[in-house]
Amino acid sequence: MDKFARFKFQPCIPLGEDGRCVTASPKHARLSRQAAAEGMVLLKNEGNVLPLRKGSKVALFGKATIEYIKGGGGSGDVHTRYIRNIYDGFARKEQEGKVSVYGPLIDFYREYVKTESKNVLTQEQIDRIWDVVNAMEFCTKRDDMTYDTFARMHVPEAKVPDELISSAARWADTAVITLSRFSAEGVDRRPTPGDYYLSDLEKELIDKAGELFKNVVVVINSGATIDCEYFAEKDNVQAVLFAWQGGMEGGCAIADILCGDENPSGKLVDTIAKSYDAFPCKDDFWECFGHLDYSEDIYVGYRYFETIPGAKELVRYPFGFGLSYTSFALSGQVCCESDGNIVAVVNVTNTGSVPGKEVVQLYYSAPQGLLGKPARVLAAFKKTELLAPGESEMVVLSFPVKNMASYDDLGKVCKSAYVLEKGSYAFYLGTSVRNAAKLDYEFAVSEDTVAEQLVSRCRPFRLKKRMLSDGSYEELPCGEASYATGSAEPSGAKAPETLAKFDAVGTDVTLDEFIAQFTVEELINFGGHHPSTGVANTGCFGGLDRLDVPPVPTADGPAGLRLNPSTGIPTTAWPCATLLACCWNTDLVFRVGAAGGAELRENNLGIWLAPAMNIHRDPLCGRNFEYYSEDPLIAGKTAAAAVRGIQSQKVSASVKHFACNNKEANRFGCDSRLSERALREIYLKGFEICVKESDPWTIMSSYNLINGQHTSESYELLTGILRNEWGFKGMVTTDWGNKNDSVKEVKAGNDIKIYGGFFDELMNAYKTGALTRADLELCVKRILEMTLKLA
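Procedures and definitions
- Residues numbered from 1 in each chain as written.
- Predicted model: local features only at pLDDT ≥ 70, side-chain atom pairs only at ≥ 80, totals over all residues.
- Heavy atoms only, no water.
- Pairing = 2+ DSSP bridges.
- Helix = DSSP H or I, 4+ residues; strand = E, 2+ residues; numbered from the N terminus.
- Contact = heavy atoms within 4.5 Å.
- Axes fitted to C-alpha atoms, helices over the stretch in contact; angles between N-to-C directions.
- 1 Å grid on protein atoms, 1.4 Å probe; cavity = no way out; pocket = protein on both sides within 12 Å on 5 of 7 lines; lining within 4 Å.
- Points joined across faces, edges and corners; volume = space filled by probe spheres on them.
- Nonpolar A, V, L, I, M, F, W, Y, C, P; charged D, E, K, R; others polar.
- Core = buried A, V, L, I, M, F, W, Y, C linked by side-chain atoms within 4.5 Å.
- Buried < 20%, exposed > 50% of the residue type's maximum accessible area, 1.4 Å probe, protein only.
- Salt bridge = Lys/Arg side-chain N within 4 Å of Asp/Glu carboxyl O.
- Disulfide = S-S within 2.5 Å.
- Polar contact = N/O pair within 3.5 Å; in protein donor to acceptor, adjacent residues only side chain to side chain.
- Phe/Tyr/Trp six-rings, centres within 6.5 Å; stacked < 30°, edge-to-face > 60°.

Draft legend 1. Structural detail: the sheet that holds strand 27 (residues 698-701). Pairing within the open sheet is mixed, and its six strands lie in the order 22-23-24-25-27-30. Bordering the open sheet on either side are strand 22 (540-541) and strand 30 (731-733), each of which pairs with just one other strand. Note: strand 23 (residues 552-556) against strand 24 (residues 607-609), three bridges, orientation parallel. For Asp 556, the partnering residue across the bridge sits in strand 24 and is Leu 609. Strands in contact with helix 18 (residues 685-694) are strand 25 (652-658) and strand 27; relative to strand 25, the strand with the most contacts, it is inclined by about 160°. Sitting on the sheet, helix 22 (residues 773-788) touches strand 22, strand 23, strand 24, strand 25, strand 27 and strand 30, and the angle it makes with strand 30 is about 105°.

Here it is as C-alpha cells:
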C-alpha cells in the first residue's frame, strides 16, 4: 500500500472511535469548552459575588451577548459550524434552573446585531479592499485602511436605551457587562478608546449599571490585554473575569464559570499595567514603521515591572495572578540542589468549600553581578489536579541550575557565553510573581562559571543603548553590518542505475542516492510553491511526480484547522493562544494539539502552520492573540506541549514566526534591533525550549528583519543557532509570500519558499556558481526527511 496515499486521494477516512469524523465533533467541542474555561482568569470578586447564586436574575449587556468574538482575524481565523455566544451559554443555565435572564435585553441585542450586520463588510468587499491595500507601498494610509477594515468586520458596541437599562435593573439583581475587542494579523492595536482603553459608551454603561444594579460583573472578551483601570477599583463593579477569546464554545465556557459549574483556575501570563504608558517599549513601538529598538533589553513584562525602581507601582494585576472560588494553602516547602537541578517540593491543600485547581510557580533571583539581572525569573510551574475540599497534593518542581545563567554579549565576564555569576541565588515559591514567598534555601556559586560557551550571532549594529536593572541605560557599540554565510558540502552519493521511486528510500536506496536522481530544475522547483491539493488552503510542500514524491498539503492555524468555507467542512475553533497559556496546564494543551492534529490527519493534510509563539513584548501587537505570553518559559513549555500533541497524530507542526515578529505594521520590512542577550534570553528562548523538548518537524521563519537582516536570509539564525546550537533536525519554511532573496535563503538554511519560488533567480545563481547543487540538495533532503516522518 502507498504510504502516502492520504495526500493523493479524497475523501478522508473518519478517525472517530465510532466510525464518525473527529473534525468538529462533539468530543472536540467539549474539549474546546473545557480548555476555554480553564484559561479564563478571575481578576476581581468582591464579596464573593461569583459564582452566581442559584435563582439569580441576570441582565446581559454587551454585543458579545449575541456577537461573541471567538478569536482573532487573519490566518488564525477558523470556519466553524457555530459559535456559542454568551446568551447561548446562559440560556442553557436558565433551562437547568440555575439563573433567569432578562429577555427584553436579549431581544434588543439580537435585533441590533441583525440590523448592524448589514453594515459589516462582506468577503467580496474585503477582498476588493485587500487588492488596493496590497498594491500599496507601506505607509500610514495603508496601515489606517487595514485597521479600519478589520474594525468593520464586526458590529460596533450598542448604545442601550436608558429605559431598557432601568427596566432591566428593576427585574434583575446582577448585570453582566461584556467588553469585546477584535484584532488581526497585518495591523496593530492602538492605545485609543474602544481599543486598548474603554470607550465613552462602555464607561457610560458601566456607570449606569453600577448605579442601578446590586451587582455588576465585567467580562472581557479579548485576545490580548486591555486597560482595566476604569473598573478595577470601582466599588460598584464587584467582579471582573478576563475571558479572552474562547473559541467556538467560548460563550458556554463563560456561563460555566459565572454560574459555578467550573471553578476559575487561569492565571495571567501577561502583566496588566495601570496604563499603556507604563510599558517601557511604548515609545519604540510607535516611533516609526521601519524599525523597532528593543532598548528595554531583557526587561520585558514582569521582568521590567518587578525590577526597575518605581515600576512595581504601575502594575494593576501582576504576572501569574488569578483568583478562585476556593482557597489554597501551601505548606512544607523544601528546596535543594540535586544532580545539577534545583528541586522544590510543596504541599498544596484546598482549604475552601468547592473543588478547584491551583498553579504553583517557582521563581529565582540571581545576583546582580556585572551583567545585571531581573529581580524575578519564572523557573518552573505546575498545575495541581482538581482538588476536593480538604484534599492535598504534593507538587514537585525542578529545573537545571544552568538555566539561571545569563548571556554575556559584551564580554563583561566571558564574551558570548552563558555565565553563572558568583553569589547567592534565591528562590521564591507561590501562586503569582507577587505572591511568592522566599524560601530558606539559597544556591551559592563561589566563582564566575561558564555554563555554555557559544559564539556571537545576530548581533546588533544600529542599536545605540539598552536598559540596565536600575532603569538607566548603557551605550552599545555600533558599526557596519556584516553577516556570516555558509554553503553545503556535496553528499558524494551517486544516483542508482535503475530509477528509484520515493517508496524505495530506506530499503533499496539511501535518501542521498534518491536525491542524486533530481535534475537541477527539479531541485529548484521542489523548494518553491506547489498548489494546494484536496482541502489544503496554503499550498503543498514538495512534490515530484516523476519520482513519485507526494506534495504534502498544508493548512493554516493556530486557533484551529483553517479550511476555506467553500470546502463545506467546518472545523473546531479552539481558544486563542493567550487563553491556552493562561491554563498553565501543558497536559491540557497537549490534548488540544492532538485533537487539532487529528483533524488535519482526517482531512488528508500533513502540515499545520502552528503553533505561533512570539513574545508579548507590547500589549498592542496585533497578533498577540496568536501568541502565548510575555514570558519565554511559559511560551516555550506551552508550544512544546502543543507540538507534541500535534505530531502524535503523524502530522507536522510548523512553529512560527522565527523570530522577533513583535509588530504587525510593516511586518515585511520592520527591523527588530536588539542585543544578543535580549535575543537569546527572551525572544529565542521559547523557541529553544520548544525545539529541544518537542522536536518540531518544521519551523517557519518570520517576515521581519533581525538587526538588519531578514530572518529567512540569516545563516546565523537558521543554521548557526537553530541547527548547530540547538540541534534542530527539521526543515524551515518562509512565511507566506515573502519577497526576500531566494539565493540567500537557500544558503541560510531556509528550505522552502511558501507561495513563491523565484526559479529564474535560483537558476541564474546556479549557473554563475553563487549556488551549488549541494546547496539545493541539502534543502530538498530536509524537506524529504520531514515527509518521511508523515508516513
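Moving on from the coordinates now.
Draft legend 2. Quick look at the layout of surface pockets. Computed from the structure, the second largest pocket encloses a volume of approximately 1200 Å³. In terms of lining, the second largest pocket is formed by 49 residues, of which the most central are Ala 379, Asn 403, Leu 633, Lys 637 and Ile 689. When grouped by side-chain class, the residues that make up the lining of the second largest pocket number 23 nonpolar, seven polar and 19 charged.

Draft legend 3. Spotlight on the nonpolar core. If you look at the biggest cluster of nonpolar residues, it comprises 194 residues, and the most contacted ones within it are Phe 61, Phe 90, Phe 213 and Phe 427. At eight residues, the largest contribution of residues to this core is made by helix 16 (residues 632-647). Phe 7, Phe 502, Phe 518 and Met 731 belong to the second-largest nonpolar core, a separate cluster that totals 40 residues.

Draft legend 4. Focus on the pattern of salt bridges. Using the criterion set out here, one finds 57 salt bridges in the structure. Across the pair Lys 383 and Glu 38 runs a salt bridge whose closest N-O atoms are separated by 3.2 Å. Pair noted here: Lys 383 is in strand 13 (residues 377-383) and Glu 38 is in helix 1 (residues 26-39), with a separation of 345 residues, a long-range link. Between Arg 316 and Glu 229 there is a salt bridge, and its shortest N-O distance comes to 2.7 Å. You can see Arg 316 sitting in strand 9 (residues 315-317) and its partner Glu 229 sitting in helix 8 (residues 229-232), a full 87 residues away along the chain. A relative accessible area of 26% places Glu 229 in the partly exposed class. One network of salt bridges, in which partners are shared, links Arg 33, Lys 93, Glu 96, Lys 98, Asp 256 and Asp 261.

Draft legend 5. Structural context of the state of the cysteines. One pass over the full model with this rule turns up zero disulfides. Summary of cysteine pairing: Cys 336 is not part of a disulfide, and the nearest cysteine sulfur, belonging to Cys 335, is at 6.5 Å. Distance from the sulfur of Cys 660, which forms no disulfide, to the nearest cysteine sulfur (Cys 458) is 8.7 Å.

Draft legend 6. Just helix 2 (residues 86-95), in detail. If you check which residues of helix 2 are buried, you get Ile 86, Gly 89, Phe 90, Ala 91 and Lys 93. Packed against the buried residues of helix 2 are helix 1, strand 2 (56-61), strand 3 (99-101), strand 4 (174-180) and helix 9 (250-258). One side-chain oxygen at the N-terminal end of helix 2 lies 3.1 Å from the backbone nitrogen of Tyr 87; it belongs to Asn 85. Positive backbone phi, approximately 80°, marks Gly 97, located one or two places after helix 2.

Draft legend 7. The arrangement of the packing of aromatic side chains in detail. On inspection of all chains with the given rule, the structure shows 33 aromatic pairs. Look at Tyr 196 and Tyr 197: their rings are 5.1 Å apart centre to centre, the planes differ by 90°, and that puts the pair in the edge-to-face class. Judged by its relative accessible area of 1%, Tyr 196 is buried. Where Phe 502 meets Phe 514, the ring centres are 5.4 Å apart and the plane angle is 45°; that geometry is what we call tilted. In this pair, Phe 502 is assigned in the loop between strand 21 (473-475) and helix 12 (511-515) and Phe 514 in helix 12, connecting sequence segments twelve residues apart.

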